Each structure stands twice: as structure tokens, then as C-alpha cells.
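Analysis of the macromolecular model
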Amino acid sequence: MDRTAQAPTLQHIDVSGPAAQAGDVRRMAWWFWPSREPARSVVVCVHGLTRQGRDFDVLADALSHQAHVVAVDVAGRGHSDWLADPMGYQVPTYAADLGQLLHHLRQCFPGLPVDWVGTSMGGLIGMTLAAQPALAPRRLVLNDVGPVIEWEALRRIADYLGRSPTFGSEAEGVRYLVQIAAGFGLHSDAEWHALSAPMLRLREGIWGLHYDPAIAVPVQALMALDETSSRQAVLAGEAALWALYDRIEAPTLLLRGADSDLLTRETADAMSRRGPKARCVEFAGVGHAPSLVPADQVAAVCAFLDAA
């Protein structure tokens, strides 16, 4: 990120999702970039499964020329509280949390429309909310995700999800994360460091990852089933997601890494014909998922949201 870029401030909101016990309140963290000019909108950015809100630093700085930008640390990640029940680490919990944040933001910024940028898991949360008229954003950006989650991509994610590696130095941790995030495509050393450093935490002289390892529990429970049962559960989930997608009315931009193993071109084509009839922009040399750091990716999102 350029040295002149605007630094965000860390904010918090108390939430109680379906995974919380009666009377239990959790703290959800979010990063805030105020608009440099009179704000025309609020843009909410939500990260992927193992990531956190600072993934959006570059995009947020570009958008904040005329929008307030909020990037969330979803439950169990970054600076947000961990859940007491690991089986709560699923989209319904996250959508309930983010619904409360949307209500809070609309109270703080009355009259401003809210847009949504969601990478992978963040896109699934966005689809869930966009299908509900009372919560739906004005415009929706889905970054390399759709109703169909490819089985092999799930297996790949399950292979590393929930591990709790430790590192002797920040540089060692960055090297590990760069390997895990190879699908992001080519980046400079400085860009990789900016994407990776917020993912690491120093505790008692040892570097580790920022998230609760228990976020893996629901995925591990799925993969622990026999393959037939696992695939049937995945297909049932796809049917539910298509039903949500078909109810979305917000103009939708779909970003896809040309080499993505999670979002196929066939699924992207179907999304262009169904529901909100998403406009798809594909990026060569990128897998899962576009990092929203390269200039062409940032420009695609800015142009779509500015067009509103």
C-alpha cells in the first residue's frame, strides 16, 4: 500500500448471533476508512474463510475518495471474539452478525446507501443478506464465489484449515502464508508482506496465525462423513444457495480468477443468466481468489460501485 494511503481505525460492535448462549454478547471488530470527500455511500467489505479485514487496505483506500469503507473481522478472526461453540462457525452465524452491523451503520449514516464487497466466504454472507429485502445492499460484488462450491476446492481448503502452525519469525510466517495464498496470483514482495503481516500474531515470543483453529470444525465434520453423504450435503447446500441467489435484486458484479478451482466458468455463466444476472469480470493468471490489490481488480470494483 502506498505510504500516503489513509490508515484505518479499529472499531467494535457488540453482537449476539444464533451461536451465542442466552444473554451472551460477543465483540466484532471492523476497520473504518472515512470518506475523504462528502460520502456518497458506505461500502462493507468481508473477507474469505481464513482471512481478515485488512485484506482490503488497497481497495478501501481507493474507494474512500467518496465512500465510507468498513472491512470486517468475521467472528473468530482478526480482532473479533472467538465463539464458544465451534459449530457456530458457519454462514448463518456470520450473516446474523453482519445484519446487526448493517443496522448499526444505517443508523450512523442515515440516508447513505450500503454496498457490499465479499470475497469467497464474504460473498456467501453477502448473498444471504442480499436475498433479504430489509438487509439487501444497493450493489453487490461477489469475489470468486457462487452457489456451487467445487468438491476438490473444499478438499484443498480442508487440508490446511484448522492447522495451528507457529513460526520463529514474522518472515517465516509470511513465507507460509504466501504459499497458502498462491491462488492470489503474482504480487510484489511488499504486497505479499502487506497481505500477510495482519494475518500473524506474536504471543509470548512465538508467531502464529490470527484466527481460532476451531473455525475448521464445521468443515471437518462435513469431510468426516463418508464421501456419498458429504457430497449429498454439499448438493443440498448448493440448492439452498441457488434459491438465495435467485432472490437477489441488487445489481451484481462477479469477479473470477481465470484459474479458480472454487468458482468454475460454468457456474459463473449460470450466474450471468439467473437471479440478478451478474456481470462477470475474469482475471488471467489468478486462481482463488483475486486479492483486490492489483490495479485492474481495484478499478473493476470502483467502476461498478461508482456507476451507482
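Residues numbered from 1 in each chain as written. Predicted model: local features only at pLDDT ≥ 70, side-chain atom pairs only at ≥ 80, totals over all residues. Heavy atoms only, no water.

1. A word on helix α3 (residues 121–130)
Most of α3 is tucked away: ten of the ten residues are buried. Along α3, the residues that are buried comprise M121, G122, G123, L124, I125, G126, M127, T128, L129 and A130. Those residues of α3 that are buried lie in contact with β3 (41–46), α2 (91–108), β5 (114–119), β6 (140–143) and α8 (227–247). (Buried < 20%, exposed > 50% of the residue type's maximum accessible area, 1.4 Å probe, protein only. Helix = DSSP H or I, 4+ residues; strand = E, 2+ residues; numbered from the N terminus. Contact = heavy atoms within 4.5 Å.)

2. A look at the sheet that holds strand β9 (residues 206–209)
Taken in spatial order, the three strands of this open sheet run β7-β9-β8, and their pairing is antiparallel. The sheet is open, and its two edges are formed by β7 (166–167) and β8 (200–203), each paired on a single side. With two bridges joining them, β7 and β9 adopt antiparallel strand pairing. From the neighbouring strand, T166 faces β9, where its bridge partner is G208. (Pairing = 2+ DSSP bridges.)

3. Some points on the layout of surface pockets
In this approach, a probe sized like a water molecule rolls over the atoms, and the result shows the empty space that is left. Approximately 180 Å³ is the volume found for the second largest pocket. Taken together, 14 residues line the second largest pocket, and the ones lying closest to its centre are S164, T166, R203, G208 and L209. Those elements giving two or more residues to the lining of the second largest pocket turn out to be β8 and β9. Counting residues per element, the lining of the second largest pocket draws most heavily on β9, at four residues. Looking at the lining of the second largest pocket residue by residue, the class counts come to seven nonpolar, three polar and four charged. (1 Å grid on protein atoms, 1.4 Å probe; cavity = no way out; pocket = protein on both sides within 12 Å on 5 of 7 lines; lining within 4 Å. Points joined across faces, edges and corners; volume = space filled by probe spheres on them. Nonpolar A, V, L, I, M, F, W, Y, C, P; charged D, E, K, R; others polar.)

4. Description of the sheet that holds strand β4 (residues 67–73)
Spatially, the eight strands line up as an open sheet ordered β1-β2-β4-β3-β5-β6-β10-β11, and their pairing is mixed. Each of the sheet's edge strands pairs with one partner strand only, and the pair in question is β1 (9–15) and β11 (279–283). Going across the sheet, the axis of each strand differs from the next one's by a mean of 20°, ignoring polarity. In the sheet, β3 pairs with β4 via six bridges, with the strands oriented parallel. Within β4, the position partnered with V43 by the bridge is V69. Contacting β3, β5 and β6, α3 runs over the sheet at an angle of about 140° to β5. Docked against the sheet, helix α9 (residues 265–273) engages β6, β10 (252–257) and β11, running at close to 170° with respect to β10. (Axes fitted to C-alpha atoms, helices over the stretch in contact; angles between N-to-C directions.)

Function cannot be inferred from these measures alone, as they are strictly geometric.
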